[in-house]
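# Coordinate inspection notes
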Amino acid sequence: MTEKQNSVDAEETAAPARPTLRLRQPSERAPTKSSVCSRSYFVVVMVFFHIYIINVIALLLYVHYNNGEAGDSGRDHEAPSSNPRLAESHRPPSKSEFLRDVSLTRLEGIRVGHVQKVSLVPDKVHKMRTLSMKPLLFEIPNFLSEDECRVVMQLAQLKGLMESQLMVQDGQEELAKELNLSPEEIFNLLDINKDGQLQMHEILTHSRVRDGIWLTPENLREIYAGLQADKDANGLLSLEEFKLLSNDAFQRFLFQRGVKSSQLVRNSRHTWLYQGRGAHQVLQDIKTRVTRLTRLPSSIVDLSEPLQVVRYEEGGHYHAHHDSGPVYPETACTHTRLAANASTPFETSCRYITVLFYLNSVEGGGETAFPVADNRTYDEVSLIQNDVDLMDTRRNCDKSNLRVKPTKGTAVFWYNYLSDGRGWVGEQDEYALHGGCMVTRGTKWVANKWINIDPDYQRQAQYQHLVSQQLDDEDDEGLTLNPDLHHSDIHQDL
Ligand code: OGA
Ligand code: CA
Ligand code: FE2
């Protein structure tokens, strides 16, 4: 940046040195020049003039893309009022906006392939490489030592890992009965593009989100055939065809046929390791290192979720997903919900950052895929086409824009949310979509450190205040409270 800035400055200061070159419209300059100088001199001046303009444009583009979040929040698919910054300017500033005293550091990616040195532990320098700008994603080799990787895997094994996703999800049928929706109402909910037909991707997205069952277009054709649902066999369901199906026809069909773990959104086992006071030194060291890496306040990292350790067996996978959901005004964060003292219809985990550690090098497969990283545009519908489903990490990892090979000790980290432009958490970054490719040989061990921050500054502040008070009280009573304890009930997967 400074280099470009300097070159522009140099040209600007050079201009007044030529008396005939007053800073006016270029059209005014030409006649003055031609009366004094030869035609070739005019050509040279024009060439420099063009270079100058190109430089200015390049500088503007550079500044624009470096402030990725500013550019991104400007990119809005909806009405201008949905832009949070515009919306904010319409409402009177709340008290908290005057009281903001913490601003979150966001690391700069500069450009893909850029390497910066970071100091995380004494007497050692780590190299951090930018892997993508959208999402802002970095890789740090040797973030963990071999010993640390081994200790984390052993501690996880000692604690015991549980199935990451259970086969049947309870409560769905009761919920459907309670809501008492008519087939038309359900049809309209599913018909995202409102064309009066249910396309395959509309059904697939729904079954993946609702049931956690990863149907492929072939599975769906098989189900349609089994249930004789698609009478005209055009791959679409009309309202009439849909009405012939009972409410839970799909689920009953799947249940009878049986669902294998390879047909779930995720096929892995995991456990949680607390990193607070009294935890194994390696776990505390990792937390300190993550705090240094992300340059976030330690109070925020300390109050985030514990370390999640995940093991994939051969054949294991995790289809493309977001670690944390979008945030609407009525969305609450799991970690601050109790402090917020409000019941809200939507809840998400508000994982601002994901730090993913590879605890072993995988013999075959198991890459972390980012299907749309650094895409020029993001188009959710085009993710699932009839023949290629970019979200499917068992089949289509090779078509992902970016894949990170698991290497023992390497950490990757990315921001799941953009900046709000004022030093706090902004909108979800839809480019942060990612998944774990199928392990084709051997076992894969990873750990996730999620850093939870409420996009509502005041709610985060209130929560931190509340927890620090609780901690003081516990200390007075001579108890050692594990600050992660209050998380024990929120480790529901997304
Ligand atoms: C996750 C995840 C990716 C991987 O655990 O949330 O996205 O490569 N893992 O295992
Ligand atoms: Ca449709
Ligand atoms: Fe993830």
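Provided above is the structure to which this section pertains.
Summarised in this report is the structure supplied together with it.

About the thresholds
- Numbering of residues starts from 1 in every chain and runs along the sequence as written.
- Labels are handed out in written order, letters beginning with A for the chains and numbers beginning with 1 for the ligands.
- It should be noted that, the model being predicted, local features are given only for residues of pLDDT at least 70 and side-chain atom pairs only at 80 or more, the latter also being counted only at that level, while totals for whole chains, interfaces and linings use all residues.
- The side-chain numbers reported here are obtained from all heavy atoms of the structure, hydrogens and water having been left aside.
- One heavy atom within 4 Å of a molecule or strand makes the whole residue count as near it.
- We define a polar contact as two N or O atoms separated by no more than 3.5 Å, with the added condition that, inside protein, one atom must be a possible hydrogen donor and the other a possible acceptor, whereas residues neighbouring each other in sequence contribute only through side-chain atom pairs.
- Cavity: a set of points on a 1 Å grid over the protein atoms alone where a 1.4 Å probe fits but cannot get out. Pocket: an open set with protein on both sides within 12 Å along at least five of seven lines, its lining residues, like those of a cavity, having an atom within 4 Å of a point.
- Any molecule with more than half of its atoms within 2 Å of a cavity's or pocket's grid points is counted as sitting in it.
- Helical segments are the DSSP runs of H or I of at least four residues, strand segments are the runs of E of at least two, and each set is numbered from the N terminus.
- In this classification, the charged set is Asp, Glu, Lys and Arg, the nonpolar set is Ala, Val, Leu, Ile, Met, Phe, Trp, Tyr, Cys and Pro, and all remaining amino acids, among them Gly, are polar.
- The donor definition counts N, O and S atoms within 2.8 Å of each metal and applies 3.2 Å to Na, K and Ca; water is not among these atoms, so some sites may look incomplete.
- Relative accessibility thresholds used throughout: buried, under 20% of the residue-type maximum; exposed, over 50%; partly exposed, between the two (1.4 Å probe, protein chains only).
- Cysteine sulfur pairs qualify as disulfides if the two atoms are within 2.5 Å.

### Quick notes on the site of ligand 1
Residues in close proximity to ligand 1 include Y312, Y318, H321, D323, T368, H434, G436, K444, V446, N448 and W450, which together make up its full environment. The contact in question runs from an oxygen atom of ligand 1 to an N or O atom on the side chain of H321, over 3.1 Å. Contacts to ligand 1 include D323, whose side-chain N or O atom sits 3.3 Å from an oxygen atom. Comparing atom positions with the cavity grids shows ligand 1 to sit within the largest cavity. Elements with a contribution of two residues or more to the shell around ligand 1: β10 (317–321), β20 (434–436) and β22 (444–452). Here the shell around ligand 1 is composed, by residue class, of four nonpolar, five polar and two charged.

### Describing the coordination of the iron ion (ligand 3)
Protein-derived coordination of the iron ion (ligand 3) comes from H321 (NE2), D323 (OD) and H434 (NE2), at a distance range of 2.1 Å. Using a relative accessible area of 3% as the deciding quantity, one classes D323 as buried. For H434, a relative accessible area of 4% corresponds to the buried category.

### Observations concerning the state of the cysteines
Here the structure, examined in full by the defined rule, presents two disulfides. Here C333 connects covalently by a disulfide to C350, the sulfurs 2.0 Å from one another. Between C333 and C350, the S-S torsion sits near -80 degrees, and that sign places the bridge as left-handed. Of this pair, C333 sits in strand β11 (residues 331–333) while C350 sits in the loop between β12 (346–348) and β13 (351–358), placing them 17 residues apart in sequence. Across this residue pair, the class does not change: C333 and C350 are buried. Residue C397 pairs covalently with C437 via a disulfide, S to S 2.0 Å. Negative torsions about the S-S bond denote left-handed disulfides, and the value of about -95 degrees found for C397 with C437 makes this one left-handed. Taken together, the residues span a long stretch of sequence, with C397 in the loop between α17 (380–383) and β16 (402–404) and C437 in the loop between β20 and β21 (439–441) at a distance of 40 residues. Here C397 and C437 have matching classes, each one buried.

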